[in-house]
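Topology and contacts: notes
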Amino acid sequence: MKYDRTFNFSAGPAMMPESVLEEIRDEMMNYRGSGMCVMEMSHRSKVFQQIIDEAEADLRALMHIPDNYKVLFIQGGGTLQFAMVPMNLMKHGKACYIETGTWSKKAIAEAKKYGEVQIVASSADKNFSYIPDCSDLPIPDDCDYVYICENETINGTTWHKLPNTKGHVLVSDQSSMFLSRPCNVADYGLIWAGVQKNVGPAGMSVVIIREDLIRDDLDPKTPIYMMYKTHADNGSMYNTPNCWAIYCCGKVFKYLRNLGGLEEMERRNKAKAQVIYDFLDKSKLFRGAVVPQDRSLMNIPFVTGDKDMDAAVVAASKEAGFDNLKGHKSVGGLRASVYNAMPIEGAQALVAFLEKFEQEHK
Ligand SMILES: *Cc1c(COP(=O)(O)O)cnc(C)c1O
């Protein structure tokens, strides 16, 4: 393999497309005749303004983002959005959350600091191994928004059909599935994603927010950085943004456009995940941790049902040169994260390894 790179199955930060890393390498010492690296560049310079404008334009084209939505690049990662969402959107102090795993639980805990949180559906009864039926939820009329985590990174579930919010604003954490498949932005009031799972380097979230949800009547104690309005009014450059992450993400947006967009990305992601799920479904040693209809294309947790055997596979996988396959402690076993940049060869190599392990442990 070129560069002797490993198949990195990490849940995040995760793999990036090799051609993107090569471009970044080539522009490292002198970005397009500017005489400097993007890391060294003023965010007020013309050349950086072009980088951020192009990144936004490419993302808008990729996701077909309607004109009445703002695209914001905000530092602080995913966890900051757990607070920013309720701080900015809880106008009447009430929101509905759907509890599907570790990341929605964290969002719920944070939102409770700012208002009343109603958990209108949950899959806690079966260790978050499925997505609950959300076709007819008890949503109060004065609820400000309905919140979901669209792909639970740790538990391995994905929403294949969005909840019926009964006309209320839908907010979605897309961190671990952002740009993995087509998305109809108009179905949402706000989409946010920490970029280090499926797009670029850690330290930034992309927020896509419908303009009428950007308020200027927040609690006056709200830190200026925590107001979506600050970022919307200043083109994500009220203060120094994460220039490096914006630059790298912009390259990935362009890469995805050249590849054929999100339809093509979804086709590849389905084919790739299928390699692993087909194996799990016929294996006598391993089984997937999620009901088939709610399985994620990005994060695939699986177990043997025996802790010692799980530990033996993890150890053998390291020996065989695979990285980051140990499952999260709340699910146990193993987890293969196969984001956009993981090639299908990685999934095939993993299955070949698991087949061999199973043969040897009959
Ligand atoms: C990783 C992750 C987060 C948290 O992101 P940080 O940038 O580490 O704060 C939130 N939601 C989901 C779904 C994630 O996968």
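This text goes with the structure placed above it.
First, a word on what this report is: a plain description of the structure on this page. (Residues numbered from 1 in each chain as written. Predicted model: local features only at pLDDT ≥ 70, side-chain atom pairs only at ≥ 80, totals over all residues. Heavy atoms only, no water.)

**Let's talk about the site of the ligand**
Of all residues adjacent to the ligand, which total 14 residues, the nearest are Gly78, Thr79, Thr153, Asp173 and Lys197. In this structure, Thr79 approaches the ligand through a side-chain N or O atom, which is 2.6 Å from an oxygen atom. Side-chain polar atom of Asp173 to a nitrogen atom of the ligand: 2.6 Å apart, as the coordinates give it. Surface burial for the ligand is 87%, taken as the share of its 380 Å² of free accessible area covered by protein chains. (Near = heavy atom within 4 Å. Polar contact = N/O pair within 3.5 Å; in protein donor to acceptor, adjacent residues only side chain to side chain. Areas by Shrake-Rupley, 256 points an atom, 1.4 Å probe, with all protein chains shown as cover.)

**Remarks on helix α7 (residues 261-282)**
For α7, with 22 residues, the first-to-last C-alpha span of 32 Å sits near the 32 Å given by 1.5 Å per residue. Its maximal kink placed at Gln274, α7 deviates by approximately 25°. Among the residues making up α7, those that are buried are Gly261, Leu262, Glu264, Met265, Asn269, Lys272, Ala273, Ile276, Tyr277, Phe279 and Leu280. Close packing links the buried residues of α7 with α2 (46-63), α6 (243-259), β10 (287-288), β11 (299-303), β12 (334-337) and α9 (344-360). (Helix = DSSP H or I, 4+ residues; strand = E, 2+ residues; numbered from the N terminus. Expected span 1.5 Å × (residues − 1). Bend = angle between axes of the 7 residues up to and from the residue. Buried < 20%, exposed > 50% of the residue type's maximum accessible area, 1.4 Å probe, protein only. Contact = heavy atoms within 4.5 Å.)

**With respect to the pattern of salt bridges**
For the coordinates displayed, the defined rule picks out 23 salt bridges. The partner of Arg32 in a salt bridge is Glu27, and the shortest N-O contact between them spans 3.1 Å. Overall, Arg32 belongs to the exposed group, its relative accessible area being 56%. Close ionic contact of Glu110 with Lys113 constitutes a salt bridge, the shortest N to O distance being 2.9 Å. (Salt bridge = Lys/Arg side-chain N within 4 Å of Asp/Glu carboxyl O.)

**Quick word on helix α3 (residues 77-89)**
The end-to-end C-alpha separation of α3 is 19 Å, in line with the 18 Å expected for 13 residues at 1.5 Å each. Most pronounced at Ala83, the bend in α3 amounts to some 25°, and the proline Pro86 follows within four residues. Three or more residues of α3 are buried, namely Gly77, Gly78, Gln81, Phe82, Ala83, Met84, Val85, Pro86, Met87, Asn88 and Leu89.

**Some points on unusual backbone geometry**
Looking along the chain, the bond that leaves Gly12 and enters Pro13 is cis, with omega of -10°. Mapped onto the elements of the fold, Pro13 is located in the segment before α1 (18-27). Phi at Phe128 takes a positive value of approximately 55°, unusual for a residue other than glycine. If you trace the backbone, Phe128 turns up in the loop between β3 (116-122) and β4 (146-149). For Asn324, which is not glycine, the phi dihedral falls at a positive 65°.

**Overview of the sheet that holds strand β2 (residues 94-99)**
Pairing is mixed in the open sheet, where seven strands are placed in the order β1-β9-β8-β7-β4-β2-β3. Strands with a single pairing partner mark the edges of an open sheet, and in this sheet they are β1 (69-75) and β3. On average, each strand axis in the sheet is tilted by 20° relative to the strand beside it, whichever way the strands run. Bridge count for β1 against strand β9 (residues 204-210) is seven bridges, and the pairing is antiparallel. Opposite Gln75, over in β9, you have Met204 as the bridge partner. Running over the sheet, α3 touches β1, β2, β4, β7 (170-173), β8 (190-194) and β9 and is turned about 160° from β8. (Pairing = 2+ DSSP bridges. Axes fitted to C-alpha atoms, helices over the stretch in contact; angles between N-to-C directions.)

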